[in-house]
Amino acid sequence: MLILRELRPALSLVVLFTILTGFLIPEAFTGIMQAVFPYQANGSQIVVNNQTVGSALIGQNFTASTYFQPRPSALTGTNAKGATIPTPYDASESGASNLGATSAALQTAVQQRVAAYIKAFGPGPVPADAVTASGSGLDADISVTNALRQAPSVAAARHLPADTVVGLVNQMTHRAFLGIVGTDHVNVLQLNIALDNLSGTTNLAQGHAAAS
């Protein structure tokens, strides 16, 4: 009986805090967020023609010349035979290559990406985010420099004036908060949707690589 008297307060606190922190507080915060920030609370989903086409938080593997391309993704998976294969922007996982700055494999990958970028968008400076993968492999944004560098080629592929597409990039640019927090950037999915609206087309699915 003495042991029960000693244990009762501890057990009561366990039950109380389990109910409080495991159920009541999460439910309260969920309800508040749904009421105050419904867009963010539901995954920042992007809807086109009443159909969810993605999230503003998770990039997609656009590869077609008529769309702006995201930064590289180092995500990999395994096929049915157990071999490692690239799975860029696979939202079921997240991670980086874990290769250090002195890694020969990383240097080779960057060199290949630089060559591919110049082939796709012409000679000139290559933005760092165009040839290096993010830590998550799911980065939804690219730098404004990267977007502006791609703009003339995307415009040519769409038979649009380059100035029109450059103007769209500037219009879709998210500025650093208060001018100092974060960096100016462009959300690739949102930009490509705006590009489709500009062209009067909706071919997002055709803009992805087959593995995405």
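This is a predicted model, so every value here is computed, not measured.

**Q** Which residues make up the overall build of the protein, and what values go with them?
**A** Per the secondary structure count, the protein includes 6 helices and 7 strands. When its helices and strands are written in sequence order, the protein yields α-α-β-β-β-β-α-β-α-α-β-β-α. The C-alpha radius of gyration of the protein comes to 23 Å, more than 25% above the 17 Å expected for a compact globule of 212 residues. For the protein, the spread of C-alpha atoms along the principal axes amounts to about 85 × 45 × 40 Å. Across the 212 residues that make up the protein, the buried fraction comes to 30%. In the protein, 9 positive and 10 negative side-chain charges are present, and the distance between their average locations comes to 6 Å.

**Q** Explain the packing of helix 5 (residues 162–171) against helix 6 (residues 188–199) to me, using residue names and the numbers behind them.
**A** For any two helices packed against each other, the geometry comes down to the angle between their axes and how far apart the axes lie. The N-to-C vectors of helix 5 and helix 6 enclose an angle of 140°; their axes lie 10 Å apart at closest approach. One element, helix 5, and the other, helix 6, form an angle in the oblique class. The handedness of the crossing between helix 5 and helix 6 comes out as right-handed. Mapping the contact onto sequence places Thr164, Val165, Leu168 and Val169 in helix 5 and Leu191, Ala194, Leu195 and Leu198 in helix 6.

**Q** Before we move on, can you summarise the sheet that holds strand 6 (residues 173–174) with the specific residues and values?
**A** Reading across the sheet, the 3 strands line up as 5-7-6 and stay open at both edges, with antiparallel pairing between neighbours. Single-partner strands in this sheet number two, and they are strand 5 (141–143) and strand 6. Relative to strand 7 (residues 185–187), strand 5 runs antiparallel, the two being bridged by 3 bridges. Residue pairing across strands places Asp141 opposite Asn187, the latter belonging to strand 7. Helix-sheet contacts for helix 4 (residues 144–158) involve strand 5, strand 6 and strand 7, and the interaxial angle to strand 5 is about 85°. Strands strand 5, strand 6 and strand 7 of the sheet are contacted by helix 6, whose axis makes an angle of about 65° with strand 7.

**Q** I'd like a rundown of the nonpolar core, residues and numbers included.
**A** Among the nonpolar cores identified, the biggest contains 23 residues, and Phe68, Val169, Val186 and Leu191 are the most heavily contacted of them. Counting only elements with at least two residues in this core, the list comes to strand 1 (45–48), helix 4, helix 5 and helix 6. A per-element tally of this core places helix 6 first, with 6 residues. Apart from residues lying up to four places away in sequence, Val186 is in contact with Ala140, Asp141, Ile142, Val144, Ala147, Val169, Met172, Thr173 and Leu191.

**Q** Can you tell me about helix 4, naming the residues and giving the values?
**A** Over its 15 residues, helix 4 runs 20 Å from end to end, which matches the ideal 21 Å to within 8%, given 1.5 Å per residue. Val144, Asn146, Ala147, Arg149, Gln150, Ala151, Val154, Ala155 and Arg158 are the residues of helix 4 that are buried. On the buried face of helix 4, the contacting elements are helix 3 (104–121), strand 5, helix 5, strand 6, strand 7 and helix 6.

Definitions and limits used
Residues numbered from 1 in each chain as written. Predicted model: local features only at pLDDT ≥ 70, side-chain atom pairs only at ≥ 80, totals over all residues. Heavy atoms only, no water. Helix = DSSP H or I, 4+ residues; strand = E, 2+ residues; numbered from the N terminus. Rg over C-alpha atoms; globule rule 2.2 N^0.38 Å. Buried < 20%, exposed > 50% of the residue type's maximum accessible area, 1.4 Å probe, protein only. Lys, Arg positive; Asp, Glu negative; His and termini not counted. Charge placed at Lys NZ, Arg CZ, Asp CG, Glu CD. Axes fitted to C-alpha atoms, helices over the stretch in contact; angles between N-to-C directions. Parallel < 35°, antiparallel > 145°, perpendicular 65-115°, else oblique. Left-handed = near helix turned anticlockwise from the far one by under 90°. Contact = heavy atoms within 4.5 Å. Pairing = 2+ DSSP bridges. Core = buried A, V, L, I, M, F, W, Y, C linked by side-chain atoms within 4.5 Å. Expected span 1.5 Å × (residues − 1).

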